[in-house]
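# A closer look at the structure
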Protein chains: 2
Amino acid sequence: MTRNPAPAGGGPRRKAEIFTATLGLLAARGYDALTIEGVAQSSGVNKTTIYRWWPSKSELLRDALLHAPAMQFEDADTGSLRGDLEAIAGQVQALLSDERRRAVVESALVGAVRHQAMRELVVSFLDDRFGRHQPVFERAVQRGELPPDFDPAPLVDAMAGALWMRVLVRREPVAASFTDDLIGLLTDGAGRAAQRPAQPGR
Amino acid sequence: MTRNPAPAGGGPRRKAEIFTATLGLLAARGYDALTIEGVAQSSGVNKTTIYRWWPSKSELLRDALLHAPAMQFEDADTGSLRGDLEAIAGQVQALLSDERRRAVVESALVGAVRHQAMRELVVSFLDDRFGRHQPVFERAVQRGELPPDFDPAPLVDAMAGALWMRVLVRREPVAASFTDDLIGLLTDGAGRAAQRPAQPGR
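Note that the coordinates shown come from a computational prediction; the quantities given were computed from them, not determined experimentally.

### Some details on the overall build of chain A
The number of helices and strands found in chain A is 10 helices and 0 strands. Helices (α) and strands (β) of chain A occur, in sequence order from the N terminus, as α-α-α-α-α-α-α-α-α-α. Counting the 202 residues in chain A, one finds 48% classified as buried. For chain A, contacts bridging at least 24 residues in sequence account for 66% of all contacts bridging at least 6. Of the accessible surface of chain A, which amounts to about 9500 Å², a share of 52% is contributed by carbon and sulfur atoms.

### Some details on the interface of chain B and chain A
Opposite the 43 residues of chain B that make contact, chain A presents 42 residues. Between chain B and chain A we count 4 salt bridges in total. The partner of Asp157(A) in a salt bridge is Arg166(B), and the shortest N-O contact between them spans 3.8 Å. There are 2 residue pairs in polar contact (both at pLDDT 80 or more) connecting chain B and chain A. For the side of chain B that touches chain A, the secondary-structure elements that each account for two or more residues are helix H6 (99-114), helix H7 (116-132), helix H9 (153-169) and helix H10 (176-195) of chain B.

### Regarding the side chain of Thr187(B)
Residue and element names in this part refer to chain B. Considering the arrangement of structural elements, one finds Thr-187 in helix H10. Here Ile-183 takes part through its backbone oxygen, which lies 2.7 Å from a polar atom of the side chain of Thr-187. Polar contacts involving the side chain of Thr-187 include one to the main-chain carbonyl oxygen of Gly-184, which spans 3.5 Å. In this view, Thr-187 contacts Leu-81, Arg-82 and Leu-85; residues no more than four positions away in its chain are not counted.

### Brief notes about the packing of helix H5 (residues 81-97) of chain A against helix H9 (residues 153-169) of chain A
Each pair of packed helices can be summarised by the angle the axes make with each other and by the distance between the axes. All names here are of chain A. Where H5 meets H9, the axes come as close as 11 Å, and the angle between the chain directions of the two elements is 30°. Handedness of the H5/H9 crossing: right-handed. Packed against H5, whose contacting residues are Leu-85, Ile-88, Ala-89, Val-92 and Leu-96, the element H9 presents Leu-155, Met-159, Leu-163 and Val-167 at the interface. Considered class by class, the residues forming the contact of H5 with H9 number 9 nonpolar, no polar and no charged.

### What about the relation of the copies chain B and chain A?
The transformation that overlays chain B on chain A combines an axial shift of 0.0 Å with a rotation of 180°, and the residual RMSD is 0.0 Å. Within this description, the copies of the chain are treated as partners about a two-fold rotation axis.

### Looking at the pattern of salt bridges
A full pass over the atoms with the stated rule returns 26 salt bridges over all chains. The residue Arg129(A) makes a salt bridge to Asp128(A) at a minimum N-O spacing of 2.5 Å. Taking the relative accessible area as the measure of exposure, Arg129(A) reaches 6% and is therefore buried. Look at Asp128(A) and you get partly exposed, because its relative accessible area is 27%. Between Glu86(B) and Arg82(B) there is a salt bridge, with its nearest N and O atoms 3.4 Å apart. Residue Glu86(B) and its partner Arg82(B) are located together in helix H5 (residues 81-97), separated by 4 residues, close to a single helical turn. Judged by its relative accessible area of 29%, Arg82(B) is partly exposed. Linked through salt bridges whose partners overlap, the residues forming this network are Arg166(A), Arg170(A), Glu172(A), Asp127(B) and Asp157(B).

### Some thoughts on the confidence of the model for chain A
All names here are of chain A. Averaged over every residue, the pLDDT of chain A is 83; residues scoring 70 or more account for 89%. Ranking the elements of chain A by mean pLDDT puts helix H10 (residues 176-195) last with 76 and helix H2 (residues 36-43) first with 96. Counted against residues more than four places away or in other chains, residues 1-8, with its pLDDT under 50, gives 10 contacts. Contacts of residues 198-202 to residues separated by more than four positions or lying in other chains number 2 contacts, the stretch itself having pLDDT below 50.

### Remarks on unusual backbone geometry
Negative phi characterises most residues that are not glycine, and trans characterises most peptide bonds. The phi angle at Arg171(A) is positive, at roughly 55°, despite the residue not being glycine. Tracing the backbone shows Arg171(A) in the loop between H9 and H10.

### A few points about the UniProt feature "DNA-binding region" (unreviewed entry) in chain A
The feature "DNA-binding region" (unreviewed entry), as given by UniProt, occupies residues 35-54 of chain A in the numbering adopted here. Taken end to end, residues 35-54 of chain A is 75% helix and 0% strand, and its two terminal C-alpha atoms sit 12 Å from one another.

### Some remarks on the packing of aromatic side chains
This model, assessed by the stated rule, comprises 5 aromatic pairs over all chains. When the ring of Trp53(B) is compared with that of Trp54(B), the centres are 5.6 Å apart and the planes differ by 80°; the resulting orientation is edge-to-face. Both residues of the pair, Trp53(B) and Trp54(B), belong to the buried class. Of the aromatic side chains, those joined through ring pairs into one cluster are Phe19(A), Trp53(A) and Trp54(A). Cation over ring: Lys15(A) sits above Trp53(A), and NZ or CZ is 4.2 Å from the ring centre.

### Quick notes on the environment of Glu17(A)
Residue and element names in this part refer to chain A. Note on placement: Glu-17 falls in helix H1 (residues 12-33). Residue Glu-17 is classed as partly exposed on the basis of its relative accessible area, which comes to 37%. As a C-alpha pair, Glu-17 and Val-39 span 22 residues in sequence and 9.7 Å in three-dimensional space.

### Here's the deal with the packing of H9(A) against H7(B)
Put simply, H9(A) and H7(B) touch, their axes get as near as 11 Å, and they point 130° apart. By the angle class used here, H9(A) and H7(B) are oblique. The residues of H7(B) that touch H9(A), namely those facing Met165(A), Leu168(A) and Val169(A), are Arg119(B), Val122(B), Val123(B) and Leu126(B). The residue makeup of the contact of H9(A) with H7(B), split by class, is 6 nonpolar, no polar and 1 charged.

Cut-offs used in this document
- Residues numbered from 1 in each chain as written.
- Chains lettered and ligands numbered in written order.
- Predicted model: local features only at pLDDT ≥ 70, side-chain atom pairs only at ≥ 80, totals over all residues.
- Heavy atoms only, no water.
- Helix = DSSP H or I, 4+ residues; strand = E, 2+ residues; numbered from the N terminus.
- Buried < 20%, exposed > 50% of the residue type's maximum accessible area, 1.4 Å probe, protein only.
- Contact = heavy atoms within 4.5 Å.
- Areas by Shrake-Rupley, 256 points an atom, 1.4 Å probe, with all protein chains shown as cover.
- Salt bridge = Lys/Arg side-chain N within 4 Å of Asp/Glu carboxyl O.
- Polar contact = N/O pair within 3.5 Å; in protein donor to acceptor, adjacent residues only side chain to side chain.
- Axes fitted to C-alpha atoms, helices over the stretch in contact; angles between N-to-C directions.
- Left-handed = near helix turned anticlockwise from the far one by under 90°.
- Nonpolar A, V, L, I, M, F, W, Y, C, P; charged D, E, K, R; others polar.
- Least-squares fit on C-alpha atoms with pLDDT ≥ 70 in both.
- pLDDT = per-residue confidence, 0-100.
- UniProt positions renumbered as here; feature names shortened; annotations may be inferred.
- Phe/Tyr/Trp six-rings, centres within 6.5 Å; stacked < 30°, edge-to-face > 60°.
- Lys NZ or Arg CZ within 6 Å of the ring centre and 35° of its normal.
- Parallel < 35°, antiparallel > 145°, perpendicular 65-115°, else oblique.

In structure tokens, the structure reads:
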């Protein structure tokens, strides 16, 4: 795709307001009831202006998820795979501990199970965030912590999935010991793969 | 709780029909629209009979999740932690590959995010299934594959969460290599914990 990372032109502050209104309505009403009319009302920006930037609600929602300040993660370079993953888990934990941001995640995930358009948005969001964490795994390969052919997908899904189970299904607080144990499991397991000779035929 | 594992009395076949109708309606209409009247119509069992066994829809749904044949897992004793976890993952994979059973899981998880009653049912279901897998971890401790104080919660949530991310969010098939890599990560990580001396203060 040859899309701009953020929509060109227009005031960035006004766009941030539109994104915040979009995610707020998604959280409050769910994917079905989200409309560009509603975003216009909530943000105070003219409907035709919003339509000029985003021809459909799914385009708007896609940019809102990718660019809203509430959904950003920083990639920390701590010098070890374990430290880098702990930094990411800490940010996911902070996201899910904040009631408003958690409501966005919940609505997006519920919508993803029910609606194909929302599912594509969530997968595209995950792929974007996953791509940003790629340097974490590249640095770990360079340090010899991971084998060069290591596929991070199961590790990333296990980490995201475990936090989701804990916070959104069980509604239990994510204790530091849970994150420590989880990341210990995953990095120890990944580290052991680095010490094994490559298996032929895999 | 001093509940019977299955409701006492009544024809077991009729109860199985009621459970199947209950889960079918949950899958088709979601938690909100599920009613005992609907279950009566769908199963052909008199409404007052159903109410005699289950005073509320959440009691009925709880038993349906716990006892419906579609939601059973067997605990395989393969002789290794890795083999036992692969057997469980295979059953979860089979569950999520079956369109009708997957629809039940989706509706339950979506309902769990939105409704506290449904969330309590899902957590009680997970705790029940989790309790049944306890012997897997006890045997692994006896074989020295896991340390005696190993807490299986992060491992279980990581395995369940990763499969959920893969199947329900990403809608990607769970390739055998994904399950292998996932379980390899988790068992290698857990195994390494067994070889470490206990850390003081933990």
